[in-house]
Amino acid sequence: MLYISDSLNQLIEEFSQLPGIGKKSAQRLALYILKLPKEDVLKISQALVNVKEKMRYCSVCCNFTETDPCPICSSTKRNTETICVVEEPNDVLAIEKTNEYKGVYHVLGGSLSPLEGIGPDDLKVKELLIRIKPEIEEIILALNPNIEGEATTIYLSRLLKPLGVKITRLARGIPIGGDLEFADEATLTRALEGRVAV
Ligand code: ZN
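So, here is what we can say about the structure in this document.

The rules behind these values
Residues numbered from 1 in each chain as written. Predicted model: local features only at pLDDT ≥ 70, side-chain atom pairs only at ≥ 80, totals over all residues. Heavy atoms only, no water. Core = buried A, V, L, I, M, F, W, Y, C linked by side-chain atoms within 4.5 Å. Buried < 20%, exposed > 50% of the residue type's maximum accessible area, 1.4 Å probe, protein only. Helix = DSSP H or I, 4+ residues; strand = E, 2+ residues; numbered from the N terminus. Contact = heavy atoms within 4.5 Å. Pairing = 2+ DSSP bridges. Right-handed = clockwise from strand over helix to strand, strands pointing away. Phe/Tyr/Trp six-rings, centres within 6.5 Å; stacked < 30°, edge-to-face > 60°.

Quick word on the nonpolar core
In step 1: C84, V85, I95, I139, L156, L160 and L170 are the most contacted members of the largest nonpolar core, which has 37 residues in total.
In step 2: Put simply, the parts of the chain that give this core at least two residues each are α4 (71-74), β3 (79-86), α5 (89-98), β4 (103-107), α6 (125-129), β5 (138-141), α7 (147-160) and α8 (185-193).
In step 3: For this core, the leading source of residues is β3, giving four residues.
In step 4: The residues contacting L170, other than those within four sequence positions of it, are I140, L141, A142, L180, L188, A191, L192 and R195.
In step 5: Within the second largest apolar cluster, seven residues are counted, among which are L8, I12, I33 and L36.

Thoughts on the pairing of β5
In step 1: Residues of β5 alternate between two faces, with E138 and I140 on one and I139 and L141 on the opposite face, all of them buried.
In step 2: Where β3 and β5 come together, four bridges link them in parallel fashion. Looking at β5, one finds that V85 is bridged to L141.
In step 3: Direction of pairing for β5 relative to strand β6 (residues 166-169): parallel, over a ladder of four bridges. The partner of I139 across the bridge, within β6, is I167.
In step 4: Of the crossover connections in this fold, the one passing from β5 over α7 to the parallel β6 is right-handed.

As for the packing of aromatic side chains
In step 1: Applying the stated rule across the entire model yields two aromatic pairs.
In step 2: Consider the rings of Y57 and F64, whose centres lie 5.1 Å apart with planes at 15 degrees: the pair is stacked.
In step 3: Judged by its relative accessible area of 46%, Y57 is partly exposed.
In step 4: Classification of F64 by relative accessible area gives partly exposed; the value is 43%.

Below is the structure:
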């Protein structure tokens with residue numbers, strides 16, 4: 001990076017911090033930005049600032065939202081007696097795309113990972129527990145089918161079972177090691193429909 005100016009270098013550095021962006025992609029993005037008209041760049045930078053200033057956590061489901069409670073939690077068309085527990089906001093988007101699920105969500109903000117030092121206190125577990133009321137009919141554990149997701153499913157089912165609530169998990173069909181957000185809608189719909197008791 002000897003012949004690159006400091007400002008361009010800094011942009012490349014910032015882009016390469018983003019998930020899934022390597023050094024080469026970061027360079028490509030930075031050069032793309034450089035070629036854009038100034039007003040387009042301003043629009044992008046304003047969108048970045050806006051999302052940071054306007055988005056916050058929903059105080060009910062812990063998903064990102066501009067309004068608290070979020071549109072899903074405050075909708076009268078949703079069945080608030082079924083809570084689907086997912087790892088990340090992306091998973092909510094994936095399940096919403098199936099158009100099959102009419103319940104509400106709870107976003108944990110990740111999964112248990114002793115190797116990375118992520119324990120129950122680092123996830124929105126307490127926030128989930130306070131939502132378990134007698135009127136709750138079902139908790140669907142829709143975590144990713146990998147080691148961390150599996151550990152989280154086992155942990156949560158042990159925690160929730162004594163509370164007397166029905167707990168289910170997604171049916172197999174999502175590839176092991178895969179991410180919910182990358183599952184196609186048909187597979188995700190089947191996994192939701194075929195969910196099994198834990
Ligand atoms: Zn919400």
